[in-house]
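Geometric and topological summary
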Amino acid sequence: MAQLVNDVMEQDVPPVQVRLGGATDIGGGRENQDTWFSWTDPAGSGSTVFGVLDGHGREVGKLAATAGRDGILAWLDDAANMESIRLNPTEGFAIMFAHAHSCVKEAFRESLTSAGWTVEDTPEGYLLKRRQAMQPWQCVHGGTSCSVLALIDGQRLVTANVGDSSALLGRVAIGGGGD
């Protein structure tokens, strides 16, 4: 089976045309907390990564999605990181999502402390906040889901997600019909 896959991958593959579209909905909240990104490998490998992040949490949802997006884009800009996705997408994406998670957590910490909160980590990794030493700690509620789609070297398509996000793949058949 591995030889068959390699034989197929070594054949001339026609160029891939990518079209993106999207829609967003504010849902029941006061603020749209969605964001997205598109990244193309500056080295010209033909690799492109697309992502959608859906923030949640009244106080920090938009911040979570934005910090997660910015963290992923910064992570992708390191050539060694894109190579990790190329070699082992499951492991590479896990590392990328862990990096995004730490960026979101740090953004929460910075935002809350600049607003006068004291912030502390629990041993389990949760963030707690309180205004004054005599007040009880409160859990910071919020985060983001994320779906990414990577076209690797213009030939291989992989996807990964965190949370309740997912990706759908569609194609247009010759003659214009959809599959």
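Read on for a plain summary of the structure. Small disclaimer: the values here were computed from a predicted structure and weren't measured.

Description of the overall build of the protein
Per the secondary structure count, the protein includes four helices and seven strands. Across the protein, the fraction of contacts at a sequence separation of at least 24, relative to all contacts at a separation of at least 6, is 51%. Summing over all exposed atoms, the protein offers an accessible surface of approximately 11,500 Å²; the carbon and sulfur share of this is 54%.

Focus on the packing of aromatic side chains
Considering all chains together, one arrives at one aromatic pair under this definition. The ring of Trp117 carries Lys129 above its face, with NZ or CZ at 4.4 Å from the centroid.

Notes on helix 2 (residues 61-76)
Look at helix 2: 23 Å from first C-alpha to last across 16 residues, which is about the 22 Å you get at 1.5 Å a residue. For helix 2, the set of buried residues is Gly61, Ala64, Ala65, Ala67, Gly68, Gly71, Ile72, Trp75 and Leu76.

Some remarks on the pattern of salt bridges
Tallied over the entire structure, the rule returns seven salt bridges. In this structure, Glu59 and Lys129 form a salt bridge, with 2.7 Å as the shortest nitrogen-oxygen distance. You can see Glu59 sitting in the loop between strand 2 (48-56) and helix 2 and its partner Lys129 sitting in strand 4 (residues 127-130), a full 70 residues away along the chain. On the basis of relative accessible area, Lys129 is assigned to the buried category, the value being 4%.

Quick notes on the sheet that holds strand 5 (residues 138-139)
Read across the sheet, three strands follow the order 3-4-5 without closing on themselves; strand pairing throughout is antiparallel. The two strands at the open ends of the sheet, each matched to only one other strand, are strand 3 (118-121) and strand 5. Pairing between strand 4 and strand 5: two bridges, direction antiparallel. Pairing of Lys129 across the sheet is with Gln138, part of strand 5. Each of strand 3 and strand 4 touches helix 4 (residues 89-114); the most contacted strand, strand 3, lies at about 155° to it.

Looking at the side chain of Lys105
Relative to the elements of secondary structure, Lys105 occurs in helix 4. The class of Lys105 is buried, set by a relative accessible area of 18%. Apart from residues lying up to four places away in sequence, Lys105 is in contact with Asp121, Gly125 and Leu127.

Details of the sheet that holds strand 6 (residues 143-152)
With antiparallel pairing, four strands are arranged side by side in an open sheet as 1-2-6-7. Looking along the sheet, the strands with just one partner apiece sit at the ends: strand 1 (34-40) and strand 7 (156-162). Strand-to-strand, the axes of this sheet are offset by a mean angle of 10°, without reference to chain direction. Pairing analysis gives seven bridges linking strand 6 to strand 7, with the strands arranged antiparallel. By the bridge assignment for strand 7, Cys146 is matched with Val162. Running at roughly 75° to strand 6, helix 3 (residues 79-87) makes contact with strand 1, strand 2, strand 6 and strand 7 of the sheet. Across the sheet, helix 4 lies against strand 6 and strand 7, angled at about 40° from strand 7, the strand it touches most.

Calculation rules
- Residues numbered from 1 in each chain as written.
- Predicted model: local features only at pLDDT ≥ 70, side-chain atom pairs only at ≥ 80, totals over all residues.
- Heavy atoms only, no water.
- Helix = DSSP H or I, 4+ residues; strand = E, 2+ residues; numbered from the N terminus.
- Contact = heavy atoms within 4.5 Å.
- Areas by Shrake-Rupley, 256 points an atom, 1.4 Å probe, with all protein chains shown as cover.
- Phe/Tyr/Trp six-rings, centres within 6.5 Å; stacked < 30°, edge-to-face > 60°.
- Lys NZ or Arg CZ within 6 Å of the ring centre and 35° of its normal.
- Expected span 1.5 Å × (residues − 1).
- Buried < 20%, exposed > 50% of the residue type's maximum accessible area, 1.4 Å probe, protein only.
- Salt bridge = Lys/Arg side-chain N within 4 Å of Asp/Glu carboxyl O.
- Pairing = 2+ DSSP bridges.
- Axes fitted to C-alpha atoms, helices over the stretch in contact; angles between N-to-C directions.

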